[in-house]
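# Architecture at a glance
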Amino acid sequence: MKKTENHLRFLIRTFALLLIPCLFLALPARAEGTGEAETTDTPPCPTNVSAAADKYFNINLAWDDMDQNTDVYYSYEIQMAVNGVWNQDILTACGTSTVFYSDYYRYWNPDVSLGNKYSFRVRTVYTYYYWDESGNYKEVTHRSKWSSSVQVQLAYSAPNLVSVKSSGAAQVTLKWNAVPEAGSSYAVFRSTSQSGTYKKIRTVTSSDSTISFTDKSGLTTGTRYYYKVCTYNDNFTYKCGDYSSILSAVPTPVKLTPTTRAANYNAVKISWKKESGISGYVISQSTSPKGTYKNIKNITDFNTTSYTKTGLTTGKSYYYKVRSYAIVNGKKYYSPDSTPVKAVPAVLAPTISSIKLADVTKATLTWTKVTGASGYAIYRATSKNGTYKKIGVVRGNGNVQYTASGMSNGKTYYFKVAAYKTVNGKDYYGAYSSVKSRLMNRLGYQYEDYYSRCRRIFGCEYYKSFTSSKAASAQMKTITVKTWDINSSGKKYTRTFRLTVHKNIASTVQQIFKEIYNGKEKFPIHSLGGYSWRGDNSYSEHCEGLAIDINPDENAMIRYSDGASLSGGFYKPGKNPYSIKPDGDVVKAFEKYGFCWGIWSNKADYMHFSYFGT
């Protein structure tokens, strides 16, 4: 308050300078010959006093001119109260209006700012002067009573309350436009009558230009509630700014949005979201969207949010509406009917329980039995979200297995199954099962990852070297493979080799040599080696039966630095028929099934193919 008083003294000094001309204008003529002072009645009290704050938070104070159409000149005195406390300093004004600039207040008294409530009152002052009989100069002042006080609050402008609408049986949603200069906090007030007592129910903080708030605090269906909103600042003396206009709404059950799905070959399920304040739900059914709807179920448990209708016909379309209701004092308040939703009874989707490899190119699917199904259709794609092609149909409900064929080793295939029911000679399909995939990995394959290779050979996710020839021999298998060779007349003929390899790669090796033998090249082989124990400290894959050498004399190990042969005789592809061509059938077959050709950074072992690339 001390700061306010200092400021008011400053304003008094300022207005005093402006007042001097007023005083001279107000001087009356001396009473001739009498030496007595002129008398006057108490001046009239100012009327129509008003105060308002502009958008810059300046206070504009105005009142009617009390000396209009008279020969008397009045001045005026102004008194101000801050938050109900009247300041003892009085300001004097010549005219009928003045402006209190908020910037000045903030400079001289930082506490006088947004959030404070100011009151003003004005009185009329009449002052005249005379000389008494002794020749002394005298001054006489008459003042009116104070005018009625007017109030103004330096606060943010009111938000624009755009709408207040029911959003449920026990909730109302408000929307208002933000006040840009006010920050981001707003207070919401509620009453049960327009002119009643409003209680603050929530402070909402939001930086959005349009703000939404849903009141869910103890509302009753069917009761009208009134709302107003103000900007809010907890640091202000008067925390609320100007109030918005008052809008009202009556909480009533809102229109539901149900969904449907087939629940069985003769049933559908209708579902909806739970709504607070609800007493129950009514479901109605029709056989056409715009047909006559008949109530088929009244649900009195407000926690229930679905209903299954049975006894329907597979493939036939049914339409449903759902509405909720709330009971208050024995009266039911219904929501509008929902938009009709369609439902068609259908057999349920099966679940694929397993996909097992039946061969290199075949896999057997097994799925769960579906009640009421007449059969099943199987679909396949080469990517999960790719195009699925029907690859087979299983008739009858009891058969829940199908063997798919025509697939490639090393590729992943995706499957789904749908059940169908035959009604009057027409098949009505249900939903697809979830997609399940299968990697065709009966044999090794190109780009097979390291851990998969380890699992295939060793049954774990790391490489296990054998500690002795005895331990290694126990895991080997000898297979027979057919190859081509060249006789003394230069003609190719079939011959047979016995080849020992790790038992878990034996099938892959047999497939490799089968494709080499059936290739267009008819590559000749006269020397073939697989498993070979090369000592306890050897790192060769030959020790694990995972490497194969072909025609070592004609496919030598060559050192890059000087071209020297480290093992074998030479390497002359295209000139010698036993030398392996880089783009020939041998390299293609081995790489297709996951083997690596022995081409390394410092040397090339042209005879050597290994499963782990060493």
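All residue numbers here refer to positions counted from 1 along the written sequence of the relevant chain. Totals for whole chains, interfaces and linings use all residues, but because this is a predicted model, local features are given only for residues with pLDDT of at least 70 and pairs of side-chain atoms are given and counted only at 80 or more. To obtain the side-chain values, all non-hydrogen atoms of the structure were used and water was disregarded.

## With respect to the overall build of the protein
A run of DSSP states H or I qualifies as a helix once it reaches four residues; a run of E qualifies as a strand once it reaches two. Both are numbered from the N-terminal end. The helix and strand tally for the protein stands at six helices and 41 strands. Put simply, the radius of gyration uses C-alpha atoms, and a globule should come to 2.2 Å times the residue count raised to 0.38. Whereas a compact globule of 614 residues would reach a radius of gyration of roughly 25 Å, the protein reaches 50 Å, over 25% beyond that. Considering only C-alpha atoms, the protein reaches an extent of 170 × 80 × 40 Å along its principal axes. Relative to its full complement of 614 residues, the protein shows a buried share of 44%. In this description, contact between two residues means that some pair of their heavy atoms is separated by no more than 4.5 Å. Within the protein, contacts between residues separated by at least 24 positions form 63% of all contacts whose residues are at least 6 apart in sequence. Surface accessibility in these figures is a Shrake-Rupley result with a 1.4 Å probe; residues are shielded only by whichever protein chains are displayed. Total accessible area on the protein stands at roughly 31900 Å², and carbon and sulfur atoms take up 46% of it. The averaged location of the 44 negative side-chain charges in the protein is 23 Å from the averaged location of its 76 positive side-chain charges. Exposure is judged per residue with a 1.4 Å probe applied to protein chains only, and the accessible area is read against the type maximum: over 50% gives exposed, under 20% gives buried, and values in between give partly exposed. Charged residues are defined here as Lys and Arg on the positive side and Asp and Glu on the negative side; His and the ends of the chain fall outside this count. A charge is said to be at NZ when it belongs to Lys, at CZ for Arg, at CG for Asp and at CD for Glu.

## Digging into the packing of aromatic side chains
Each Phe, Tyr or Trp ring (for Trp, its six-membered ring) is paired with any other whose centre lies within 6.5 Å, and the angle between the two planes then decides the class: stacked below 30 degrees, edge-to-face above 60, tilted in between. Summed over all chains, the structure comprises 27 aromatic pairs. Note on Phe458 and Phe612: the rings are 6.2 Å apart at their centroids and 25° apart in plane angle, and the pair reads as stacked. Placement of the pair is Phe458 in helix α3 (residues 450–458) and Phe612 in the segment after β41 (603–610), with a sequence separation of 154 residues. The same class applies to Phe458 and to Phe612, which are both buried. Counted as over-ring charges are cases with an Arg CZ or a Lys NZ within 6 Å of the ring centre that also lie within 35 degrees of the ring normal. Directly above the aromatic system of Trp86 lies the positively charged group of Arg121, at a separation of 4.0 Å from the ring centroid.

## Focus on empty space enclosed by the protein
Here a cavity means grid points, on a 1 Å grid over the protein atoms only, where a 1.4 Å probe fits yet cannot get out; a pocket means an open set of points with protein on both sides within 12 Å along at least five of seven lines; lining residues are those with an atom within 4 Å of a point. Grid points are joined across faces, edges and corners, and a volume is the space filled by probe spheres set on the points. A complete count under the given rule lists one cavity of 30 Å³ or more for this structure. Considered as a void within the structure, the largest cavity measures approximately 30 Å³ in volume. Lining of the largest cavity is provided by Ala155, Tyr156, Thr231, Tyr232, Asn233, Phe236, Tyr238, Lys239, Cys240 and Gly241. Counting only elements with at least two residues in the lining of the largest cavity, the list comes to β15 (225–232) and β16 (240–243).

## Considering the sheet that holds strand β30 (residues 401–404)
The strand order across the open sheet built from three strands is β26-β27-β30, with neighbouring strands paired in antiparallel fashion. The open sheet is flanked by β26 (352–357) and β30, the only strands paired with a single partner. Geometrically, the sheet is characterised by an average inter-axis angle of 20° between neighbouring strands, direction not taken into account. With five bridges joining them, β26 and strand β27 (residues 363–367) adopt antiparallel strand pairing. Paired strands are those between which DSSP finds at least two bridges. Angles here are taken between N-to-C directions and fall from 0 to 180 degrees, while the axes themselves are lines fitted to C-alpha atoms, restricted in helices to the stretch in contact.

## Quick look at the state of the cysteines
Note on disulfides: each one is a pair of cysteine sulfur atoms within 2.5 Å. Throughout the structure, instances matching the rule amount to one disulfide. The thiol sulfur of Cys45 is not disulfide-bonded, and the nearest other cysteine sulfur, from Cys94, lies at 19 Å. Cys454 supplies the cysteine sulfur nearest to Cys543, a cysteine that is in no disulfide, at a spacing of 17 Å.

## Here's the deal with helix α6 (residues 585–592)
Buried within α6 are the following residues: Asp585, Val586, Val587, Ala589 and Phe590. Against the buried residues of α6 lie α5 (506–518), β37 (547–550), β40 (596–599) and β41. Downstream of α6 by a residue or two, Gly594 has a phi angle that is positive, lying close to 95°.

## Observations concerning the pattern of salt bridges
In the sections that follow, a salt bridge refers to a side-chain nitrogen of Lys or Arg positioned within 4 Å of a carboxyl oxygen of Asp or Glu. In this structure the tally under the stated criterion is twelve salt bridges. Linking Arg143 and Glu77 is a salt bridge whose minimum nitrogen-to-oxygen distance equals 3.0 Å. With Arg143 in strand β8 (residues 137–143) and Glu77 in strand β3 (residues 75–82), this residue pair connects regions lying 66 residues apart in the sequence. When its relative accessible area of 8% is taken as the criterion, Glu77 is described as buried. Among the ionic pairs, Arg323 bridges to Asp337, the shortest N-O distance being 3.9 Å. Of this pair, Arg323 sits in strand β23 (residues 318–328) while Asp337 sits in the loop between β24 (331–334) and β25 (341–343), and the two are 14 residues apart along the sequence. You can call Arg323 partly exposed: its relative accessible area is 26%. Salt bridges sharing partners connect three or more residues here, namely Glu77, Arg123 and Arg143.

## As for α3
Considered for burial, the residues of α3 that qualify are Ser452, Arg453, Cys454, Arg456, Ile457 and Phe458. Against the buried residues of α3 lie β35 (492–502). Gly459 occupies a position one or two residues after α3 and carries a positive phi of about 75°.

## With respect to the environment of Ile327
Along the chain, Ile327 turns up in strand β23. Residue Ile327 is classed as partly exposed on the basis of its relative accessible area, which comes to 43%. Sequence-wise, Ile327 and Gly280 are 47 residues apart; in three dimensions their C-alpha atoms are separated by 8.6 Å. Setting aside its immediate chain neighbours within four residues, Ile327 contacts Ser279 and Lys332.

## A closer look at the side chain of Lys321
Considering the arrangement of structural elements, one finds Lys321 in strand β23. Notably, Lys321 is buried but unbridged: the nearest opposite-charge side chain belongs to Asp337, and the N-O separation is 4.4 Å. Those residues in contact with Lys321 that lie beyond four places of it in its chain are Val282, Ile283, Ser284, Tyr293, Asp337, Ser338 and Pro340.

## Description of the packing of α5 against α6
Their axes nearest at 9 Å, the elements α5 and α6 cross at an angle of 150°. When the axis of α5 is compared with that of α6, the two are roughly antiparallel. The two elements α5 and α6 cross, and the hand of that crossing is right-handed. Touching Ile512, Phe513, Glu515 and Ile516 of α5 are Asp585, Val586, Ala589, Phe590 and Lys592, all from α6. Should an angle fall under 35 degrees it is called roughly parallel, over 145 degrees roughly antiparallel, and 65 to 115 degrees roughly perpendicular, with every other angle called oblique. By definition, any crossing whose near helix is turned counterclockwise from its far helix by less than a right angle is left-handed, and any crossing with a clockwise turn is right-handed.

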